[in-house]
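# Secondary and tertiary structure notes
Here are the chains, one letter per residue:
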Amino acid sequence: MSDLRDLYQEVIIDHSRRPRNCGPLARHNHRAEGFNPLCGDQLTVYLKVADDIIEDARFEGTGCAISTASASLMTEALKGQSTAQAEALFAAFHAVLTGAPAPPDAVPLGKLQVLAGVQEFPARIKCATLAWHTLHAALHDHAPAVSTE
Ligand code: ZN
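Structure report, in brief. (Residues numbered from 1 in each chain as written. Predicted model: local features only at pLDDT ≥ 70, side-chain atom pairs only at ≥ 80, totals over all residues. Heavy atoms only, no water.)

### What about the overall build of the protein chain?
Secondary structure summary: the protein chain contains four helices and four strands in total. Radius of gyration (C-alpha) of the protein chain: 14 Å, near the 15 Å computed for a compact globule of 149 residues. Over its C-alpha atoms, taken along the principal directions, the protein chain stretches across nearly 40 × 35 × 30 Å. Taking as baseline every contact in the protein chain between residues at least 6 positions apart, the subset at least 24 positions apart corresponds to 60%. Per element, the accessible surface of the protein chain, about 7,600 Å² overall, is 54% carbon and sulfur. One finds the centroid of the 12 positive side-chain charges in the protein chain at a distance of 6 Å from the centroid of its 17 negative side-chain charges. (Helix = DSSP H or I, 4+ residues; strand = E, 2+ residues; numbered from the N terminus. Rg over C-alpha atoms; globule rule 2.2 N^0.38 Å. Contact = heavy atoms within 4.5 Å. Areas by Shrake-Rupley, 256 points an atom, 1.4 Å probe, with all protein chains shown as cover. Lys, Arg positive; Asp, Glu negative; His and termini not counted. Charge placed at Lys NZ, Arg CZ, Asp CG, Glu CD.)

### Remarks on unusual backbone geometry
At N21, a position not held by glycine, the phi torsion is positive, near 55 degrees. Its location among the elements puts N21 in the loop between α1 (2–17) and β1 (30–36). Residue D52 is not a glycine yet carries a positive backbone phi of 70 degrees. In this structure, D52 sits in the loop between β2 (41–50) and β3 (53–62).

### A closer look at the environment of T134
Along the polypeptide, T134 turns up in helix α4 (residues 125–140). Separated by 99 residues in the primary sequence, T134 and F35 have C-alpha atoms spaced 8.4 Å apart.

### Some points on the nonpolar core
Core analysis: the biggest nonpolar cluster contains 38 residues, and L47, I54, L78, F93, W132 and L135 have the highest contact counts within it. When residues of this core are traced back to their parent elements, those giving at least two are α1, β2, β3, α2 (65–78), α3 (83–98) and α4. Discounting residues that sit within four places of it in the chain, L78 has contacts with L47, I54, A57, A86, W132 and L135. (Core = buried A, V, L, I, M, F, W, Y, C linked by side-chain atoms within 4.5 Å. Buried < 20%, exposed > 50% of the residue type's maximum accessible area, 1.4 Å probe, protein only.)

### Description of the pairing of β3
If a strand is regular, its side chains alternate between the two faces of the sheet. Judged from the nine bridges that link them, β2 and β3 form a sheet pairing that is antiparallel. The residue bridging K48 from the neighbouring strand is D56, located in β3. Here β2 hands over to β3 after two residues, with D51 in that stretch at a positive phi of 50 degrees. (Pairing = 2+ DSSP bridges.)

### Focus on the environment of S67
By secondary structure assignment, the location of S67 is in helix α2. Relative accessible area serves as the criterion here: at 2%, S67 is assigned to the buried category. Along the backbone, S67 and C39 are 28 residues apart, and their C-alpha atoms lie at a distance of 9.4 Å. With residues near it in sequence (within four places) discarded, S67 still touches D41, L43 and C127.

### Looking at the side chain of T75
Position of T75 relative to the elements: it lies in helix α2. The exposure class of T75 is buried, given its relative accessible area of 1%. Polar contacts involving the side chain of T75 include one to the side chain of N21, which spans 2.9 Å. Among all residues touching T75, those that are not within four sequence positions of it are R20, N21, A57, R58 and F59. (Polar contact = N/O pair within 3.5 Å; in protein donor to acceptor, adjacent residues only side chain to side chain.)

Shown next as structure tokens:
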């Protein structure tokens with residue numbers, strides 16, 4: 001189990017140091033900004049959605065290793081997913097992090113599973129979910145800025 005934990009940590013460190021899909025997306029049609037005042041994490045999520053499919057997803061911002069790694073992993077997971085699949089992924093991810101019982105139809109987390117260990121650090125859960133809350137806002141074109149508070 002500790003080997004798995006080390007592997008998970010390596011993936012998180014790798015994604016925080018070399019975040020994927022980082023930088024603005026020129027041809028986006030959805031966008032939202034998120035802020036986690038508990039930690040100071042700040043990010044913008046850009047999406048290109050066509051026919052209800054997320055064709056491209058990018059983010060930019062400044063934050064701690066967990067928030068950056070989570071945003072990086074999220075953008076990788078989103079590409080090619082329908083908006084409904086993205087929301088289902090968020091629900092499953094959120095359940096794992098908060099220790100809530102998984103819904104019976106929970107979708108597999110795939111690589112996002114590496115962040116499951118964050119549930120042991122309640123103060124960091126909002127770092128891990130910030131990108132997803134921001135994604136949710138972007139999909140729904142809510143007010144431009146969301147806060148985890
Ligand atoms: Zn943070």
